[in-house]
Amino acid sequence: MAESRLETVDMFINMGPQHPSTHGVFRMVLTIDGEQIVDMKPHIGYLHRGVEKLAEGLRYREVTVLLDRTDYLAALNNELPYVMALEKLLDVKVPERAEYIRVLVCELNRIASHLMFYGAFGADAGATTPFMYAFRDREEIQHFFEAVTGGRLMHNYFRVGGVRYDLPEDWRERLTKLIPHLRKGIVDCERLLSDNEIFLNRTIGVGQISAADAIDYGLTGPNLRACGVRLDLRRDQPYSVYPKLEFDVPTRSRGDCYDRYLLRVEEMRQSLRIVEQCLEQMPDGPSLGEVPRVIRPKEGEVYVGTENPRGEYGIYLVSRGGDYPYRVKVRAPSFCNLMALNEMMRGCYIADCVLILGSIDIVLGEVDR
Amino acid sequence: MLGMLKGLMTTMQSHFRKPVTIQYPDERPDLPPRYAGFPGLIWDANVGEPFCTGCQVCARFCPTQCIYVTMKDNPKVGDGTSKRRKIVDEFELNVSCCTQCAVCVEVCNFDAIEMTHTFEMASYSREQVMNLQDMLSMKEKGGP
Amino acid sequence: MNVPLVLFWVFGAASLTAGLLVVTSKNIAHAAFYLLFALVGVAVLFLLMAADFLALVQFLIYGGAIVVLLLFALMLTRIREGPVIVGNSQKPLAIVAGLALLALLLSVVFVTPWPKPATEAIQRIEVPVIGESLFTDWLFPFEIVSLVLLVALIGAIVIARSGDD
Amino acid sequence: MPEWVESIIRVAIAIGFVLTTVLVLIWLERKVIGHIQQRLGPMRTGFHGFLQSPADAVKLLVKEDIIPAAADRWAFQLAPALVFVPIFLTVVSIPFTRTLVVRNLDLGLFYVFAISSISIVGIVMAGWASGNKYALLGSVRAGAQMVSYEIPLVFSILGVAMVAGSLNLETIVDAQRGLWYIVLQPVGMFIFLVASLAELNRTPFDIPVAESEVVGGPYVEYSGIRWGVFFLSEYANTFIISALAAVVFLAGWRGPLLPGWLWFLIKTYAIILIIFWFRATLPRLRIDQLMTFAWKLLLPLAFVNLLITGLYLVYDWPRWILFVASVAVLAVASRLVYVVGRA
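What counts, and at which threshold
Residues numbered from 1 in each chain as written. Chains lettered and ligands numbered in written order. Predicted model: local features only at pLDDT ≥ 70, side-chain atom pairs only at ≥ 80, totals over all residues. Heavy atoms only, no water. Helix = DSSP H or I, 4+ residues; strand = E, 2+ residues; numbered from the N terminus. Buried < 20%, exposed > 50% of the residue type's maximum accessible area, 1.4 Å probe, protein only. Contact = heavy atoms within 4.5 Å. Areas by Shrake-Rupley, 256 points an atom, 1.4 Å probe, with all protein chains shown as cover. Domains from an automatic or database assignment. 1 Å grid on protein atoms, 1.4 Å probe; cavity = no way out; pocket = protein on both sides within 12 Å on 5 of 7 lines; lining within 4 Å. Points joined across faces, edges and corners; volume = space filled by probe spheres on them. Nonpolar A, V, L, I, M, F, W, Y, C, P; charged D, E, K, R; others polar. Buried area = accessible area lost by both parts, 1.4 Å probe. Salt bridge = Lys/Arg side-chain N within 4 Å of Asp/Glu carboxyl O. Polar contact = N/O pair within 3.5 Å; in protein donor to acceptor, adjacent residues only side chain to side chain. Phe/Tyr/Trp six-rings, centres within 6.5 Å; stacked < 30°, edge-to-face > 60°. Lys NZ or Arg CZ within 6 Å of the ring centre and 35° of its normal. Pairing = 2+ DSSP bridges. Axes fitted to C-alpha atoms, helices over the stretch in contact; angles between N-to-C directions.

**Re the overall build of chain C**
- The secondary structure content of chain C amounts to 6 helices and 0 strands.
- In sequence order, the secondary structure elements of chain C are arranged as α-α-α-α-α-α.
- Within chain C, buried positions represent 19% of all 165 residues.
- In chain C, 56% of the contacts between residues at least 6 apart in sequence involve partners at least 24 apart.
- Only carbon and sulfur atoms are counted for the fraction: they give 77% of the accessible area of chain C, which is about 12,300 Å².

Structure follows, in structure tokens:
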């Protein structure tokens, strides 16, 4: 009876670059059998701006402007490894207050980024309200950033040896108002989705990846921790003032969409804890250390990796002397996380594929650079 | 079912909360002092001229090369009212590529630029955007 | 010429045309759409004969479900372009079968003692009457038909599943 | 006035009413969802954006009519009509009050489902004719979903027909004197609401038009007034289904003090608001989970409901037993949602 089987033909479908849920201009060529995905080929490069090459033509202090625009949802987190790398090359000491300010704004930016993930993920799952809740709270963070750095999304705030401005005078009041607001917002977010049966059905067991596979593919950040690997550069390769701060590194075990989601929600709480500690421990002192007026590092190369909301964001900086960097290589976490996409997606449904892409939380600005 | 009910209760509650959006052109966003809009030159009220000497540091350091400055001899030097021997002649900012990164503010040796709170640059023609001499604020600073 | 008669001719002609288009149309999806119109036309004819329950069933089952299923099957199974079939060895047999069916239907048309038009008004059949006769006088045929349908359903599932292992 | 002229006038009034209602509904939905998301929704056109929908309608009307080159012109142009006409035909049998009805049909209840089932073909046709793979996917989804959910939908309402002993909507409302059928048929109401959400392609069952997956499904290639017609039919259908639920389960125009039509509108809008509320809260199911839900949960549940109702009728139980039994079934079912979903 083998011949009597209905002959179905696989269909190719081109998802993206103009598709609402590819999170930018990502393109996937899906081979589908009915609703099920047989094969997936990712195509990247639609947002390629040549950031790394452009950086070679800019003076050291201008490069942060470009790095802001790689992972634009966590701009401050991108500036951090670059200025740290430069400080290593220049042997500059950073005052403690500056370090605390850096950690404070980085963690706030991490929350903003995770909120963005939450909203987009909810929208991918078909719920409209999570996006608005997430933006409501993210807006408050951006207000704070406006007051601190002058920018909402692109800050260009970190400098070699510190930060550009000290915190504004009313930062304590602003922050003490912001923290409970965010805490409440996270509760809202959780109540809306975390226990929702439809959401559970959609995400549990979808896009699962084992810890071994995740390590092989080079996943970092929440995507890796969702598989049960406790790797967080803030804890394992401590930098800045993180050793002085108390926070947990949450992990989950299953490594599916739901775990990645829940992990990020938990990380928001941890980041909020860090922010609170920064608020308490913030020392007095200068916010910018002794920095040479002309930044001209000696020859050498250095790699600094930090924990971005999406994983390890590393900067490999090569100097051949002179005013311009010889090479600025960005190790972009989204790019590496994206590699596991095919592994996660095989055999799932079209609806899942959107969710899986959302759960990896890529930023195309950083994938294509 | 319970999880869904929880979600439904949440949305029901938030329905009765105050909306957080503002009705933009009628209500203005309240911008903190550091808000970085487009850069503008500062006016020296004591002398009656801009602080800018047209030294072009900002133009050189601008990551997107959107600043164009020329310098001229300051006519006020002759009568002794000003100490600036050179002064800005033309200062043009290409708004279509300015990224509001504030590098120009930072590198300026005369503290002559600051980030204004201007963020509404919509206009009907390219000329209106390109020609910025009158659109940039010449804010007063350092009065008597 | 009263209104129902005009409607009868209009919808009768429409459903006949649609029926012809079903078999002549080259595009198989178009054929399915024409089928819808043919079926809806027939439903309207039922309505004109005061068989409103039957008409609605026609709408629901044939219009809403069968046509959609047909379209569904068409969309999911894309038949690869093959050689165009010109002659078919079964053609004579098909002609014979078609003629036999025609003869059967014609004999039914002529043999049945239809009520003479205008002599007696068409009786409107209430739903309870249909239900009662289905479950009393016609119970056995009804059950048999149900069984046959069920068997067909299971058979279809078995055939569809057989390739899966 | 000959009868047929009067009928045409009645139909025209009914359709006009539904068209206006659709405009109100669209505005209402945007406002409600806006406030749920702590926004204001439309605010510019008219008082609190009340004229937003007419403005949108005008915009859609003057928009260029684009027919894609790959589309099957004939079917592409016909599809909106095929969706629109059946849905507006169903208005005929909805009784707003005893007198405010276009035509009180003996088979009113059945009529609504039978006629509106045709519109599925229109949606499938739209998707197929667009010559777009997303549209095709969407229409396949729509076909599968709507055909499967029609069955629990019809079965859920059969219980009411059994208790009332009629398919005539007026008789059904009259039979609810004193006791609304939501009390006697809570399971039926539950299934009806869920299944009609699926019929209407609304969240959490908006799988055919899911914008994050198939970017609008069957309507992806439509623009201008053709798209507007789909939109219109969708909201008209929302209104009609809610009105039907109000008539069948909430006793339609019956209620103390207020006039009948007001009661009818209050009940209908209550159900509509619940639908909007769901839309603002719930994520979307996946297509296979949706099918599982229909066939493994809703349909058996509908059968159980029918069985209980039959027992109630045959053995002449008191009403409270039917109520208690139904609530018990509903409780078990709400637990099963979870278990079946997980499977």
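**Regarding the overall build of chain B**
- Scanning chain B from terminus to terminus reveals 4 helices and 6 strands.
- Secondary structure elements in chain B, listed N-terminal to C-terminal, are α-β-β-α-β-β-α-β-α-β.
- Residues counted as buried form 40% of the 144 residues belonging to chain B.
- Sequence separation of at least 24 residues holds for 69% of the intrachain contacts in chain B that already meet a minimum separation of 6.
- Just so you have it, chain B exposes about 8,200 Å², and 56% of that area is on carbon and sulfur atoms.

**Section: the domain arrangement of chain C**
- Each assigned domain of chain C is listed with its residue range as follows: domain 1 (1-79) and domain 2 (128-165).
- Centre-to-centre, using C-alpha coordinates, domain 1 of chain C lies 23 Å away from domain 2 of chain C.

**Some remarks on the layout of surface pockets**
- By volume, the second largest pocket amounts to about 1,700 Å³.
- Every residue lining the second largest pocket is counted, 38 residues in all, and those nearest its centre are C:Leu7, C:Leu47, D:Val92, D:Arg103 and D:Tyr111.
- Breaking the lining of the second largest pocket down by element, the ones donating at least two residues are α1 (3-24), α2 (28-48) and α3 (52-76) of chain C together with α1 (3-36), α3 (73-89) and α4 (108-116) of chain D.
- Considering each element in turn, the lining of the second largest pocket owes the most residues, 7 residues, to α1(D).
- Of the residues that constitute the lining of the second largest pocket, the class distribution is 29 nonpolar, 2 polar and 7 charged.

**Digging into the interface of chain A and chain D**
- Residue-level contacts link 38 residues of chain A with 29 residues of chain D.
- Interface area, chain A with chain D, both sides summed: about 2,800 Å², of which 58% is carbon and sulfur.
- The largest contributions to the chain A side of the interface with chain D come from A:Glu35, A:Ile198 and A:Asn201, which together make up 19% of the buried area.
- There are 1 salt bridge connecting chain A and chain D.
- A:Asp352 serves as the salt-bridge partner of D:Arg286, at 2.9 Å between the closest nitrogen and oxygen.
- Put simply, chain A and chain D have 10 residue pairs in polar contact (both at pLDDT 80 or more) between them.
- Listed by contribution, the elements that provide at least two residues to the side of chain A that touches chain D are β1 (11-15), α4 (96-125), α5 (129-149), α6 (171-193), α7 (197-203) and α14 (350-360) of chain A.

**Some details on the environment of D:Glu170**
Residues and elements named next belong to chain D.
- One can find Glu170 in helix α7 (residues 169-175).
- In this structure the C-alpha to C-alpha distance between Glu170 and Tyr219, which are 49 residues apart in sequence, comes to 36 Å.
- Other than its neighbours up to four places away in sequence, Glu170 contacts Arg98, Asn104 and Trp253.

**Let's talk about the pattern of salt bridges**
Residue and element names in this part refer to chain A.
- Counted under the stated rule, the structure contains 45 salt bridges over all chains.
- For Arg369, the salt bridge goes to Glu52, with nearest N and O atoms at 2.7 Å. A residue pair is termed long-range when its members are at least 10 positions apart, and Arg369 in the segment after α15 (364-368) and Glu52 in helix α1 (residues 51-56) qualify at 317 residues.
- Residue Glu52 is classed as buried on the basis of its relative accessible area of 13%.
- A salt bridge links Asp71 to Arg310, with the shortest nitrogen-to-oxygen separation between them at 2.9 Å. Taken as a pair, Asp71 in the loop between α2 (63-68) and α3 (75-90) and Arg310 in the loop between β6 (300-308) and β7 (311-319) lie far apart in primary sequence, 239 residues in all. Each of the two residues, Asp71 as well as Arg310, counts as buried.

**Details of the packing of aromatic side chains**
- Counting across every chain of the model gives 32 aromatic pairs over all chains.
- Judged by centre distance (6.3 Å) and plane angle (45°), the rings of C:Phe33 and D:Trp74 are tilted. You can see C:Phe33 sitting in helix α2 and its partner D:Trp74 sitting in helix α3, one on each of two chains.
- On the basis of relative accessible area, C:Phe33 is assigned to the buried category, the value being 0%.
- Among the residues examined, D:Trp74 registers a relative accessible area of 32% and is labelled partly exposed.
- A network of ring pairs unites the aromatic residues A:Phe117, A:Tyr118, A:Phe121, A:Phe199, A:Tyr258 and A:Tyr261 as a single cluster.
- Looking at A:Arg59, its charged tip hangs above the ring of B:Phe61, at a distance of 4.5 Å from the centre.
- The residue whose ring lies beneath A:Arg138 is A:Phe135, and the NZ or CZ to ring-centre distance is 5.1 Å.

**Some remarks on the arrangement of the chains**
- Taking contact number as the criterion, the leading pair out of 5 pairs of chains in contact is chains A and D.
- For chain B and chain C, which are not in contact, the least C-alpha distance works out to 31 Å.

**Topic: the sheet that holds strand β8 (residues 327-331) of chain A**
Residues and elements named next belong to chain A.
- Judged by pairing direction, the sheet is antiparallel, and its 3 strands sit side by side in the order β6-β7-β8 without closing on themselves. What marks the edges here is a single partner per strand, and that holds for β6 and β8. Each neighbouring strand pair of the sheet contributes to a mean axis angle of 15°, computed without reference to strand direction.
- Judged from the 5 bridges that link them, β7 and β8 form a sheet pairing that is antiparallel. Counterpart to Leu317 in the pairing with β8 is Val328.
- Most of the contacts of α3 go to β6, to which it runs at about 150°, and overall it touches β6 and β7.

**Comments concerning empty space enclosed by the protein**
Residues and elements named next belong to chain D.
- Tallied over the full model, the rule gives 6 cavities of 30 Å³ or more.
- Those elements that place two or more of their residues in the lining of the largest cavity are α3, α5 (118-129) and α10 (224-249).
- If you tally residues by element for the lining of the largest cavity, the top one is α10, at 4 residues.
- By residue class, the composition of the lining of the largest cavity is 7 nonpolar, 4 polar and 2 charged.

**Some thoughts on the interface of chain C and chain D**
- The partner chain D presents 27 residues to the 26 residues of chain C that form the contact.
- Taken together, both faces of the contact between chain C and chain D bury some 2,300 Å²; the carbon and sulfur share is 86%.
- Among the residues chain C hides against chain D, the three largest losses belong to C:Leu56, C:Leu60 and C:Met75. Together they make up 27% of the total.
- Summed over the shared surface of chain C and chain D, the result is 0 salt bridges.
- On the surface where chain C and chain D come into contact, there are 1 residue pair in polar contact (both at pLDDT 80 or more).

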